[in-house]
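Spelled out, the chains give:
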Amino acid sequence: MDRSDLVAGAEVNETRITSNYDKHPAIRVEATDENCWAGWKHISTQLQKHVNERRQYQPNVVLVVDCYQGVYWESLEKTLRDTLEYDSFVVTRTAYKEEEDIREMVYPYLTDDRVFGKLTSLEIQDYFDPKAVETLKKQVASGQGVTVVVGEGAAAVVGHGDILVYVDMARWEIQLRMRRHEVNNLGVQNQQATFSQQYKQGFFIDWRVLDRHKQTLMDSWDYVLDTNKHNEPKLVRGTSIRQGLKLVSNKPFRVVPFFDPGPWGGQWMKEVCDLDKSAENYAWCFDCVPEENSLLLRFGQHVVEIPSINLVFAYPQSLLGQHVYQRFGREFPIRFDFLDTMEGGNLSLQVHPTKEYIKEHFGLDYTQDESYYMLDTREDAVVYLGTKNGIDPTEMIDKLREAQQTSRFDAEKYVNKWPVKKHDHVLIPAGTVHCSGRNSMVLEISATPYIFTFKLWDWDRLGLDGKPRPIHIDHGEKVIQWDRQTEWTKKNLINAIEKIGEGDGWIEEKTGLHASQFIETRRHWFTGTVPHHTGNTVNVLNLIEGREAIVESPSGAFEPFVVHYAETFIVPAAVGEYTVRPHGESVGQQCATIKAFVRN
Ligand SMILES: O=P(O)(O)OC[C@H]1O[C@@H](O)[C@@H](O)[C@@H](O)[C@@H]1O
């Protein structure tokens, strides 16, 4: 098949009979499980063995077990007490400041807003009472025999000890535990608080504090303890985790996707991603939000789950590339996720803060610039985007406010409504009023900030908790760019697609994003082998057409990596050259990928 057979946008006539979407992408790190222990019996035996070995040449041994937020604390403490032999057992929580003082300390970052706080600059040490810390330190320093020290920030209180175990937690699992009211936020007893309160405290405070602390420990981890699956704990040597992270930072990989229902959620992902058919709907799939996702690392027969942000912390330069690292630091700036409204409803009519506004009000260095890639659509699919020519901004804001009482807002009077079809790409620079309508399957390709959605109108419906979702007209009116009207929107934001290259069996197009956004997107239609280069910046791709493709290294630098329809995958900057071609049942058929990277 030659390139004349490639038609940009042509749909492949395929029937997706069975889902081949991999929901648990595990990365093989070590062929055997000699550095990984599963189950409390084996875990405590290994820890005890290590302690005993140390005691052969030193009389006193300190085992420090530091934890992330969201660990089942009582259960962990009890298990360690029951299964280890020790002379003293120290719980660093006893050195926390008074809860009232901690609440006062975090309040400026937590604020009274239902959704938004401000990113904290607090450090883990701020949670502890200096006098109590001194006492604990003395107690540990003078401890005879074996001392076990346990708690969030334990290593910040008493140092790394002789053996350091880190109990990490995946963000998604923490959120599920918060929803079930099973865990507390850092330094407080609040497990009965609402999920949104706990999430806000996690997002703006706890996870910032503990991520900063974690980064100081990673090189010293003797072990990582994975208790994400409560009844299937796993312990891995720190050297093996570090080796795994190094491996992943040099090859294409996927993070673990997670799926969540919503008031507008749809039915498409159930089929394509093979989800529980009895669930009412699935709205979101987060499949490249490394701050929230996790990695599955395989050691022999055991699979260990760790937060994928650990990779950004450990190998930012190989993963992100020099210029992205310089610009964003240890953050992953690109986000891919799905928004499924097939047989569901409209998203909220919304707007995101401008760069200045997000910095000033919420403390972030870059903003929620977005785009909607239409992965699939029904006949009636639309995107609301940009305000209509000549509308009166004051009137629109007044009507939005009134709508909170009247339950009516004539969105079409003020906002353009554009029909969309499969493979359209809609660009949404921050400050543009927007909303994806029902019967669409959106692949969102955006900058990473993801909770700064100022809802303007939620179509008079309730959230899943039976209450109206929070509306943010006061924020919204300050950031809407009123000059993004009909013609401008059409010209600049809808299908600004340009063919920029071709080769044997492939075509390359630039599809966005808008010049004001830092992400560039390239789409390739191909039946042959497409040459790619990371350009020394991290690449994020999704197979947007075709059942299966294979990613290969021309120099054999990494093992061939197979991806399936709708799977997002990350290619670290350090990979350099790679190719993508149809594979398996897609050989001879047209496939397509969309690739995102940070502009130079
Ligand atoms: O849940 P609502 O407010 O309808 O928004 C759904 C989604 O819309 C998108 O444009 C993004 O802003 C997402 O971050 C958001 O989750």
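As the structure is a computational prediction, the values presented were derived from the model and not from experiment.

Examining the pattern of salt bridges
Then step 1. Going through the model one piece at a time under the given rule, you end up with 39 salt bridges.
Then step 2. A salt bridge links Glu412 to Lys417; the nearest nitrogen and oxygen atoms lie 2.9 Å apart.
Then step 3. One network of salt bridges, with partners in common, ties together Arg171, Arg208, Asp211, Glu291 and Glu292.

Examining the nonpolar core
Then step 1. Membership of the largest hydrophobic core comes to 176 residues, with the highest contact counts inside it found for Tyr127, Ile241, Met269, Phe332 and Phe338.
Then step 2. Per-element tally for this core: the top contributor is helix H7 (residues 195-217), with eight residues.
Then step 3. Excluding its chain neighbours within four sequence positions, the residues that come into contact with Ile241 are Trp221, Val224, Val236, Leu297, Phe299, Val304 and Ile306.
Then step 4. With 16 residues, the next largest nonpolar core counts Leu543, Val563, Phe569 and Tyr578 among its residues.

Concerning helix H14 (residues 393-406)
Then step 1. With 14 residues, H14 should cover 20 Å at 1.5 Å per step; its first-to-last C-alpha distance of 19 Å lies within 8% of that length.
Then step 2. Those residues of H14 that sit buried are Met396, Ile397, Leu400 and Ala403. Down the axis, H14 shows its buried residues gathered within 110° of arc, on one side only. In H14, those exposed residues whose orientation departs by more than 90 degrees from the buried face are Thr394 and Gln405.

What to know about the layout of surface pockets
If a probe the size of a water molecule is rolled over the atoms, the empty space left behind becomes visible.
Then step 1. Estimated volume of the second largest pocket: approximately 880 Å³.
Then step 2. Along its surface, the second largest pocket is lined by 38 residues, and Leu119, Glu331, Leu364, Asp365 and Tyr366 are the ones closest to its centre.
Then step 3. Broken down by secondary-structure element, the contributors of at least two residues to the lining of the second largest pocket are H7, helix H10 (309-314), helix H12 (322-328) and helix H13 (355-362).
Then step 4. Per element, the largest residue contribution to the lining of the second largest pocket is six residues, and it comes from H7.

Overview of the side chain of Thr521
Then step 1. Secondary-structure assignment places Thr521 in strand S24 (residues 519-526).
Then step 2. Polar side-chain contacts of Thr521 include one of 2.7 Å to the side chain of Thr511.
Then step 3. Excluding residues that lie within four positions of it along the chain, Thr521 makes contacts with His425, Ile445, Glu509, Lys510, Thr511, Gly512, Leu513, Ile594, Lys595 and Ala596.

Side note on the site of the ligand
Then step 1. In the neighbourhood of the ligand, 17 residues make up the surrounding shell, with Ser348, Gln350, His352, Tyr372 and Arg469 lying closest.
Then step 2. A distance of 2.9 Å is found between an oxygen atom of the ligand and a side-chain nitrogen or oxygen belonging to Trp284.
Then step 3. Thr453 is positioned such that a nitrogen or oxygen atom in its side chain is 3.1 Å from an oxygen atom of the ligand.
Then step 4. Burial of the ligand by the protein chains amounts to 95% of its free accessible area of 390 Å².
Then step 5. For the shell around the ligand, the elements supplying multiple residues, two or more each, are strand S13 (334-340) and strand S15 (370-377).
Then step 6. Here the shell around the ligand is built from residues that sort into six nonpolar, six polar and five charged.

A closer look at unusual backbone geometry
Then step 1. Leu513 follows Gly512 through a cis peptide bond whose omega is -10°.
Then step 2. Relative to the helices and strands, Leu513 resides in the loop between strand S23 (506-512) and S24.
Then step 3. Despite not being glycine, Glu343 has its phi angle at roughly 65°, a positive value.
Then step 4. Mapping Glu343 onto the fold places it in the loop between S13 and strand S14 (349-351).
Then step 5. Residues other than glycine seldom take positive phi values, yet Ser407 does so here, at roughly 65°.

Notes on the state of the cysteines
Then step 1. Applying the stated criterion to the full structure yields zero disulfides.
Then step 2. Cys273 carries a free sulfur, and the closest cysteine sulfur to it, the one in Cys285, is 5.7 Å from it.
Then step 3. Residue classification places Cys273 among the buried positions, given a relative accessible area of 0%.
Then step 4. What makes Cys285 buried here is its relative accessible area of 0%.

Digging into a negative patch on the surface
Then step 1. Taken together, the side chains of Glu98, Glu100, Asp101, Glu104 and Asp129 make up a negatively charged region of the molecular surface.
Then step 2. Within the element layout of this structure, Asp129 appears in the loop between helix H3 (99-110) and helix H4 (130-141).

A closer look at the domain arrangement of the protein chain
Then step 1. Under the domain assignment used here, the protein chain contains domain 1 (3-22 + 498-598), domain 2 (26-247) and domain 3 (258-493).
Then step 2. Relative to domain 2, the C-alpha centre of domain 1 lies at a distance of 40 Å.

Observations concerning empty space enclosed by the protein
Then step 1. For the structure shown, the criterion picks out two cavities of 30 Å³ or more.
Then step 2. There is about 40 Å³ of room inside the largest cavity.
Then step 3. As for the largest cavity, its lining consists of Trp40, Val71, Tyr72, Ser75, Leu76, Thr227 and His230.
Then step 4. Among the residues forming the lining of the largest cavity, the class breakdown is four nonpolar, three polar and no charged.
Then step 5. In this structure, the second largest cavity encloses a volume near 30 Å³.
Then step 6. Every residue along the wall of the second largest cavity is listed here: Phe253, Val255, Pro290, Ser308, Leu311, Val312, Leu319, Phe332 and Ile570.
Then step 7. A breakdown of the residues in the lining of the second largest cavity according to their chemical character gives eight nonpolar, one polar and no charged.

Re the sheet that holds strand S31 (residues 591-598)
Then step 1. Overall, antiparallel pairing links the six strands, which are arranged S22-S23-S24-S31-S26-S29 in an open sheet. Two strands lie at the open edges of the sheet, namely strand S22 (498-503) and strand S29 (568-571), each paired on one side alone. Averaged over neighbouring strand pairs, the angle between their axes works out to 25° when direction is ignored.
Then step 2. Across five bridges, the pairing between strand S26 (residues 539-545) and S31 is antiparallel. For Asn542, the partnering residue across the bridge sits in S31 and is Ile594.

Some thoughts on the sheet that holds strand S18 (residues 425-428)
Hydrogen bonds between backbone groups are what pair the strands of a sheet, and the pairing can be parallel or antiparallel.
Then step 1. Pairing in this open sheet of six strands is antiparallel, and the strands run S9-S10-S13-S20-S15-S18 from one edge to the other. Across the chains shown, the open sheet's two edge strands, defined by having one partner strand only, are strand S9 (258-260) and S18. Between one strand axis and the next, the sheet turns through 20° on average, direction left out of account.
Then step 2. Sheet analysis places S15 next to S18, joined by four bridges and oriented antiparallel. Note that in S18 the partner of Tyr373 across the bridge is His425.

Conventions we followed
- Residues numbered from 1 in each chain as written.
- Predicted model: local features only at pLDDT ≥ 70, side-chain atom pairs only at ≥ 80, totals over all residues.
- Heavy atoms only, no water.
- Salt bridge = Lys/Arg side-chain N within 4 Å of Asp/Glu carboxyl O.
- Core = buried A, V, L, I, M, F, W, Y, C linked by side-chain atoms within 4.5 Å.
- Buried < 20%, exposed > 50% of the residue type's maximum accessible area, 1.4 Å probe, protein only.
- Helix = DSSP H or I, 4+ residues; strand = E, 2+ residues; numbered from the N terminus.
- Contact = heavy atoms within 4.5 Å.
- Expected span 1.5 Å × (residues − 1).
- Arc of directions from axis to C-beta.
- 1 Å grid on protein atoms, 1.4 Å probe; cavity = no way out; pocket = protein on both sides within 12 Å on 5 of 7 lines; lining within 4 Å.
- Points joined across faces, edges and corners; volume = space filled by probe spheres on them.
- Polar contact = N/O pair within 3.5 Å; in protein donor to acceptor, adjacent residues only side chain to side chain.
- Near = heavy atom within 4 Å.
- Areas by Shrake-Rupley, 256 points an atom, 1.4 Å probe, with all protein chains shown as cover.
- Nonpolar A, V, L, I, M, F, W, Y, C, P; charged D, E, K, R; others polar.
- Disulfide = S-S within 2.5 Å.
- Patch = residues over 30% accessible without salt bridge, like charges linked within 9 Å, V, L, I, M, F, W, Y side chains within 5 Å.
- Lys, Arg positive; Asp, Glu negative; His and termini not counted.
- Charge placed at Lys NZ, Arg CZ, Asp CG, Glu CD.
- Domains from an automatic or database assignment.
- Pairing = 2+ DSSP bridges.
- Axes fitted to C-alpha atoms, helices over the stretch in contact; angles between N-to-C directions.

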